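The chain contents come next:
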Amino acid sequence: MGYAVALEAARQGAQVELVSGPTQLTINHPNISLHRVRSAQEMYNAVAKFFPTADAAILSAAVADFTPKIVHNQKIKEKQQSLYVELQPTIDIAKEIGKTKQEHQKIIGFALETHNEMEHALGKMQRKNFDCIVLNSLADKGAGFG
């Protein structure tokens, strides 16, 4: 969805800094600069770099809320009886840029909700200092991934 939004913004004349996690998608438009990242921290770093001079941010996809506390650089062998993965929160990119938003800037966010959709979406909009939020409800017939 982020690629489609970026392309439409570029077609309407915006200069777009598209920050993208790993995907097979590509995009080619003279008004779009694509910045590929591999982690939530890298995404935050890129967004924090571009947002101060932006007029608007459209946050169309969320990175993981949690990440493994320990990342192994080799395969974990199956000889263990059990395995526990400890998670830690990732940085909340939307909330962080919402704290630094200037009066002339706009932030548009998205919310995927399963219950109390409107209440949760409006709460997210307020907590993260969004100007607008798009609510996606899994309760809608045919909604969801795949």
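All values derive from a computational prediction rather than experimental measurement.

(A) Structural detail: the nonpolar core. Grouped together as the largest cluster of nonpolar side chains are 19 residues, with contacts concentrated most on V19, L59 and I97. For this core, the secondary structure elements donating two or more residues are helix 2 (40–50), helix 3 (93–100) and strand 6 (106–113). Those residues in contact with L59 that sit more than four places away from it in its chain are A94, I97, I107, I108, G109, F110 and F130. Counting six residues, the second largest nonpolar core, distinct from the first, contains A6, V16, L18 and I32.

(B) Local environment of the environment of V85. Looking at where V85 falls in the secondary structure, it is placed in the loop between strand 4 (66–68) and strand 5 (87–89). Owing to a relative accessible area of 56%, V85 belongs among the exposed residues under this scheme. Along the primary structure V85 and G2 are separated by 83 residues, whereas in three dimensions their C-alpha atoms are 30 Å apart.

(C) Geometry of the side chain of K124. Its place among the elements puts K124 in helix 4 (residues 117–127). For the buried K124, which has no salt bridge, the nearest side chain bearing the opposite charge is E113, at an N-O separation of 5.7 Å. Setting aside residues no more than four positions away along its own chain, K124 makes contact with F110, A111, F130 and I133.

(D) Geometry of the sheet that holds strand 6. In spatial order, the strands read 3-6-7; together these three strands make up an open sheet with parallel pairing. The open sheet has two edge strands with one neighbour each: strand 3 (56–58) and strand 7 (132–137). Geometrically, the sheet is characterised by an average inter-axis angle of 15° between neighbouring strands, direction not taken into account. Pairing of strand 6 with strand 7, which is carried by six bridges, proceeds in the parallel orientation. Opposite G109, over in strand 7, you have I133 as the bridge partner.

Thresholds applied
Residues numbered from 1 in each chain as written. Predicted model: local features only at pLDDT ≥ 70, side-chain atom pairs only at ≥ 80, totals over all residues. Heavy atoms only, no water. Core = buried A, V, L, I, M, F, W, Y, C linked by side-chain atoms within 4.5 Å. Buried < 20%, exposed > 50% of the residue type's maximum accessible area, 1.4 Å probe, protein only. Helix = DSSP H or I, 4+ residues; strand = E, 2+ residues; numbered from the N terminus. Contact = heavy atoms within 4.5 Å. Lys, Arg positive; Asp, Glu negative; His and termini not counted. Salt bridge = Lys/Arg side-chain N within 4 Å of Asp/Glu carboxyl O. Pairing = 2+ DSSP bridges. Axes fitted to C-alpha atoms, helices over the stretch in contact; angles between N-to-C directions.

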